[in-house]
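Here is what each chain is made of, one letter per residue.
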Amino acid sequence: MVNANIQNEEAIIVCKNVCKWFGEFQVLRDVSVEVQPQEVVVIIGPSGSGKSTFIRCINRLEEHQEGQIVVDGMEMGHDVSNIAAIRREIGMVFQQFNLFPHLTVLQNITLAPMRVRHWSREKAETKAMELLNRVGIPEQANKYPGQLSGGQQQRVAIARALAMEPKIMLFDEPTSALDPEMIKEVLDVMKELAQSGMTMLVVTHEMGFAREVADRVLFFDQGRIVEQGTPDYFFESAQHPRTKLFLSQIL
Amino acid sequence: MSATQHQPSSIPSFLRDVRFLQVIGQIVFAILVVFVVSRIMTDVFAALQKNNLTPNLAFLQNRAGFDISNSPSWYTSNSSYGTAFQVGLVNTLRVVSVGLVLSTLLGILIGVFLLSRNWLVRTISRVYVELLRNTPLLLQLFVWYFIVMLSLPIFREAYTFPPEGVAHIPIRIAFYGILILVIWWRTRRWEIGSFRRNAIISGVAAMLVMIEIGFWLYNNQPSWQSVYANGDMTSSSFLLYAVISAVLIVGAWFVPIQWRGLTLGSSIGQAIGGLLVYFGIIPNSAFRIEIYPAFYASIRGFAFPELLTTARFAEWMAFVGLGIVLAIAQWVYFGRITETTGKPIPRGWYALLAVVIFAIVGWVVVGSEPAPVSIPVLQEDQTVYMPLEEARAGNLLTIQDELQYNPSPLIFRLPERTNFKFIVGTEIQPEYMALLLGLVVYTSAFIAEIVRAGIQAVPYGQLEAARAMGLTNSQTLRLIILPQALRVIIPPLGNQYLNLSKNSSLAIAIAYADLFLITTTIMNQSGQSVTGMVMVMLTYLIISLIIAAGSNWINRRFQLVTR
Amino acid sequence: MLKLKRTPFLLILLVLIWPSLTFAQQLIPTPTPVPGSMLDTVLTRGQLICGINQEIFGFGFLNPNTGSISGINIDFCRAVATAIFGDATAIDLRLQTVDTPPTALLSGQLDVLFIQHTAQNLTQDAQGGLDFGPPIFYDGQSIMVRTDSGIEAWEDLDEQTICALTGSDDLSNLDSAMSQRGLNYDLLSLDTPAAMQEAFLAGRCNAQTLSRSLLEIRRHSTDDPSSYVVWSEPFTRVAIAPVYRYGDQQWSSIVDWTIWGLIYAEELGVSSENIDEFLRLEDETDEIYTTRVGLPIARLVDPFLGLGGQLGLANDFMAEVIRQNGNYGEIYDRSLGAASTLPIERSLNALWSDGGLIFSPLWR
Ligand SMILES: Nc1ncnc2c1ncn2[C@@H]1O[C@H](COP(=O)(O)OP(=O)(O)O)[C@@H](O)[C@H]1O
Ligand SMILES: [Mg+2]
């Protein structure tokens, strides 16, 4: 009943007045965003502004204290079954890859589809190989993560997230831990993914990527969305002084 | 930097060769070791020979001539020293093997508590670990034995559990259980949210508790009956009850939201419960159950029920074995199905079910095989034949007869005692208990730290990645955390196992007849102290080597999985 | 390179360890005969050195509150000193632990050993170097039970738990006593006497076994001694006696006859109280004196008829010994008997005339 009020027929993620505190410190202040299916939203902002915390609230890796988050029509609350259902629909890629070092690349990718989606091994492995082909490293299937380069590991992490066939992908600075020559291979995969119509929320400092791929750019500062708009608007004619300052430092 | 550095030195070149010097060093050292050891050996042998104590193993055949506390039936004081040594070994293994298992379980539990998010649990377990790690084990053993065990009551006044007597279980209790289960089950389907579900379940539970309190007050506490008891409630106490209920219900709205359902439900429930008792709506009839103690604790030890296997046990085991085979087959089969179709099957439960069904069927089949019409028993020194029941009624059956003729595969017997000992039951000595508790509690503190460190060694990102993929908590623990934590945990855990096995020799301080205590007695009695010492050392060495080999083996398996 | 550096280090270590190994070997004792007469040595020194122990009440016990040491072992040491110097205080007490063989005595650091634990046995006699004097106390292993336990005889111990000391001879003595009678029991063997007492008092065992004297001492150290009983009849025999080095006939005689003199004095009714009545008056002739006190007493305490001269002592050395220390009965009473806080019945330690084992050879 409450959901009906704020639910836009089309939005796949609806955040309304989301607030979050770590102890006394308020990290998110009245964040309200709606993300449409197939939209690519890039989140930028200075370090410590709450970008990671925000996207981690969307799949409940962090708990928000006030406001509402509705994902794919399900409200993110204390209900365990809702949380599980929402997590199934959201894939996440971390800055530090977080691959499971005791499992092979193939096992990393097939784990969740088999355990959570209850696919057969055959189906999961076929899907995994398909995804490995898509990210360009099918030959690494039986290696352990420790034997791969950083860029390869992050591509495996993307494949692992995609294996669950999520409706939404969250990326938290996916290229920040990579050597410069590996950044491109990861960004290429992400571009291809965006073109295929995936709904994506990407926290990144890669302005080139934002300009080229994003449908919308959000600028975070001190837990607030200070400014948002299309990349063209954002990079050419941003209004807010904080945005200008930030852009001047980064570009 | 000049040429002076390259001038040939006066020492011959081979003496400056590292490889040569290394070899020479090794040889000199080896020679010295051999020399020292042989010198010590000759001296010791000479001294012993002078005292007619030349070390040899022949003395192991001599009569021991001392008793051993709680020794197995194959040992008497007429047995040989060798047999006494074996008793010691068995006793040591008895405490070490059980100790390893229990300290691991307790250690894992405490280790997890150390990481608990609950402040109280975390602090208590931290204090537990620090207290135990930083006090000497010997002191702890003294506390367990001289303070805890020796302050248990004397044999005749043993603590018993459950206390002997008659219990009246109200019939309604059974319905309460069913009611709660049904509500819990039904509300799962209702999709009414956890708030309302909490409210309903806690409300019903509080109501039931209130009903029981009402009965209890009515039956046992005449002075309190004015509040809830049938009939006698004065208007003022009814008012009091009503006010309390009202305050609770209203107060529930001021409780933080996540507890509100719980509080509100229980307030309303208890109010209804009070009324139900007040108007005498719930009947008070009960089962009468005679209770005999199953557990005794006294300064002479602990006694538990015993489980004996009869002549038909093997037959029954055949059924159970069949069940196990089927369970395994089923396990493998369902595993394949899950692999190919992805359909999750609770194959663990199915396997258990298979075993249980076969066990029950086997029990019925084996138990219903016809028993001999009459059996031979000894009556007034004469063998007479009579039916089993009659013999049992006449108290003519020995335990051997029972084991041979009783139709059920297992006999479960509660402890029975005379004035100064148990004639039925499994007994545990206080010395064994004190040593076991001391070792387990002490070692568990170290294991807890190892487990904590092992779990903390798994980066938090692993947990987040698993959660983000939608794995459940138990899947995360089983598939992600444990395999990585075990890698870190196993090597130091093996060390703790070694420590435990060696620490068990402190048994001598609290009179548990372990390997070391018995060998001490043997050495004093026979004078063969050198031989005895060597035997003890070798035995502990072998035990240690076995444990080390085991933990290395497991360690290798886990390392293999990682890379 | 690391290995190369380590090897000399190990070598140095060995060089250091070697002498201590050789030294340790020398600790295995060999009898060292002391040249010359023991009596002369002791006289020159002016003090008698006795090895004693100080933990066993009634035998040798240092009272932690007063700092005074007492017990029959100490008293007999004093008696020997009185025999030599006429002065019971001319003693030097050295604390001895229980070690077999007693190294300090063998190496000449002690003149005589009065300790509780040394019991005569064949092996020790045969190995030489030591000799035992006359027993001053007959002891033996006994049983202690609670008064209300109803255990009064061996048969009552059937199927009971009995505490004993790990590694002691008590274990096998108890076992043969029990198995001779066809009795079963459960043995709890404890590591220290204190642990054993604690287990017994707590009720973990129904009986405990030790030497009778030690059990009596333990009984009296409890809050209520009357709630425990020590069987007065021990089932093994042990004699506590002084130990001295073998080889000096005169020295062993001095120790032996001092003890026998004390026993003889009790037998004759001569005590520290009445000793003066038995001394020769100034103008008494031999005849008058011997008719008054009797020849045996005269031989014990008279400066002319006394026999002490044959030992190299004063003829009447026993007069001083008795005056300063009392006779055997007095010594016993003071430390173990009626006058002490732990009356142990004399039973075996009564005079032979009272049915005990205590007697003196002839003073002649
Ligand atoms: N678990 C936490 N506990 C306390 N403070 C935190 C925690 N995680 C993040 N913060 C704080 O919240 C603020 C926002 O963090 P984050 O969302 O990681 O910023 P960003 O990703 O934009 O750099 C930072 O000031 C950070 O210090
Ligand atoms: Mg961040």
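Caption draft 1: Fine view of the site of ligand 1. Residues and elements named next belong to chain A. Inspection of the region around ligand 1 gives Phe22, Phe25, Val27, Pro46, Ser47, Gly48, Ser49, Gly50, Lys51, Ser52 and Thr53 as its neighbouring residues. Between ligand 1 and Gly50, the relevant distance is 3.1 Å, taken from an oxygen atom to a main-chain nitrogen or oxygen of the residue. Burial of ligand 1 by the surrounding chains reaches 59%, relative to a free accessible area of 560 Å². At the level of secondary structure, the elements contributing two or more residues to the shell around ligand 1 comprise β2 (25-35) and α2 (51-58). Ranked by residue count, the leading element in the shell around ligand 1 is α2, at three residues. Its residues assigned to classes, the shell around ligand 1 comprises four nonpolar, six polar and one charged.

Caption draft 2: Structural context of the interface of chain B and chain C. With 42 residues of chain B at the contact, the number on the chain C side is 37 residues. Overall, the association of chain B and chain C removes approximately 3,200 Å² of surface from exposure, summing both partners, and the carbon and sulfur fraction of that is 60%. Sorting the residues of chain B by area buried against chain C places Asp67, Phe146 and Arg300 of chain B first, and these three jointly supply 16% of that buried surface. Taken together, the links from chain B to chain C amount to three salt bridges. Note that Glu159 of chain C is salt-bridged to Lys421 of chain B, the shortest N-O span being 3.7 Å. Inspection of the chain B/chain C interface yields six residue pairs in polar contact (both at pLDDT 80 or more). Of all elements in the fold, only α1 (18-50), α4 (137-148), α14 (430-456) and α17 (515-526) of chain B reach the threshold of two or more residues within the side of chain B that touches chain C.

Caption draft 3: Representation of the domain arrangement of chain C within the structure. Residue and element names in this part refer to chain C. With domains assigned, chain C is organised as domain 1 (37-138 + 239-271 + 329-354) and domain 2 (141-236). Look at where the C-alpha atoms of domain 1 and domain 2 centre, and you get two points 28 Å apart. On the domain 2 side, the residues contacting the twelve residues of domain 1 number eight residues. Considering only the surface of domain 1 that becomes buried against domain 2, Leu342, Ile344 and Leu348 emerge as the three largest contributors, covering 38% of it. Put simply, domain 1 and domain 2 have zero salt bridges between them. In this assembly, domain 1 and domain 2 are joined by two residue pairs in polar contact (both at pLDDT 80 or more).

Caption draft 4: Spatial organisation of the pairing of strand β10 (residues 224-229) of chain A. All names here are of chain A. As judged from the five bridges shared by strand β9 (residues 216-221) and β10, these two strands associate in the antiparallel manner. Directly across from Phe220, in β10, lies its bridge partner Ile225. In this structure, the hairpin formed by β9 and β10 is closed by a connection of two residues, where Gln222 is found at a positive phi of approximately 45°.

Caption draft 5: Spotlight on helix α6 (residues 150-162) of chain A. Its 13 residues give α6 of chain A an end-to-end C-alpha distance of 18 Å, which sits within 8% of 18 Å, the value for a rise of 1.5 Å per residue. Along α6 of chain A, 13 of the 13 residues are buried, which leaves the element largely enclosed by surrounding structure.

Caption draft 6: Main features of the interface of chain B and chain A. Taken together, the contact pairs 27 residues of chain B with 27 residues of chain A. When chain B packs against chain A, close to 2,400 Å² is buried across both sides, 58% of that on carbon and sulfur atoms. Viewed at the interface, chain A and chain B are joined by two salt bridges. Linking chain B to chain A there are eight residue pairs in polar contact (both at pLDDT 80 or more). Elements with a minimum of two residues in the side of chain B that touches chain A: α10 (313-341), α15 (460-468), α16 (473-503) and α18 (529-562) of chain B. Considering every element that reaches the side of chain B that touches chain A, the biggest residue donor is α15 of chain B, with seven residues.

Caption draft 7: Quick look at the packing of aromatic side chains. On inspection of all chains with the given rule, the structure shows 30 aromatic pairs over all chains. Aromatic side chains Phe219 of chain A and Phe246 of chain A sit 5.2 Å apart centroid to centroid with 45° between the ring planes, which places their arrangement in the tilted category. With Phe219 of chain A in strand β9 and Phe246 of chain A in helix α10 (residues 241-250), this residue pair connects regions lying 27 residues apart in the sequence. Judged by centre distance (5.1 Å) and plane angle (70°), the ring pair of Tyr296 of chain B and Phe422 of chain B falls under edge-to-face. Highlighted residues: Tyr296 of chain B in strand β4 (residues 295-298) and Phe422 of chain B in strand β11 (residues 422-424), separated in sequence by 126 residues. Neither Tyr296 of chain B nor Phe422 of chain B differs from the other in exposure class; each is buried. Every member of this aromatic cluster is reached through a ring pair, and the members are Phe59, Phe76, Phe137, Tyr328 and Tyr332 of chain C. Over the aromatic face of Trp119 of chain A sits the side chain of Lys123 of chain A, whose NZ or CZ is 4.4 Å from the ring centroid. Note that Arg346 of chain C overlies the ring of Tyr332 of chain C, its terminal NZ or CZ placed 5.2 Å from the centroid.

Criteria and thresholds
Residues numbered from 1 in each chain as written. Chains lettered and ligands numbered in written order. Predicted model: local features only at pLDDT ≥ 70, side-chain atom pairs only at ≥ 80, totals over all residues. Heavy atoms only, no water. Near = heavy atom within 4 Å. Polar contact = N/O pair within 3.5 Å; in protein donor to acceptor, adjacent residues only side chain to side chain. Areas by Shrake-Rupley, 256 points an atom, 1.4 Å probe, with all protein chains shown as cover. Helix = DSSP H or I, 4+ residues; strand = E, 2+ residues; numbered from the N terminus. Nonpolar A, V, L, I, M, F, W, Y, C, P; charged D, E, K, R; others polar. Contact = heavy atoms within 4.5 Å. Buried area = accessible area lost by both parts, 1.4 Å probe. Salt bridge = Lys/Arg side-chain N within 4 Å of Asp/Glu carboxyl O. Domains from an automatic or database assignment. Pairing = 2+ DSSP bridges. Expected span 1.5 Å × (residues − 1). Buried < 20%, exposed > 50% of the residue type's maximum accessible area, 1.4 Å probe, protein only. Phe/Tyr/Trp six-rings, centres within 6.5 Å; stacked < 30°, edge-to-face > 60°. Lys NZ or Arg CZ within 6 Å of the ring centre and 35° of its normal.

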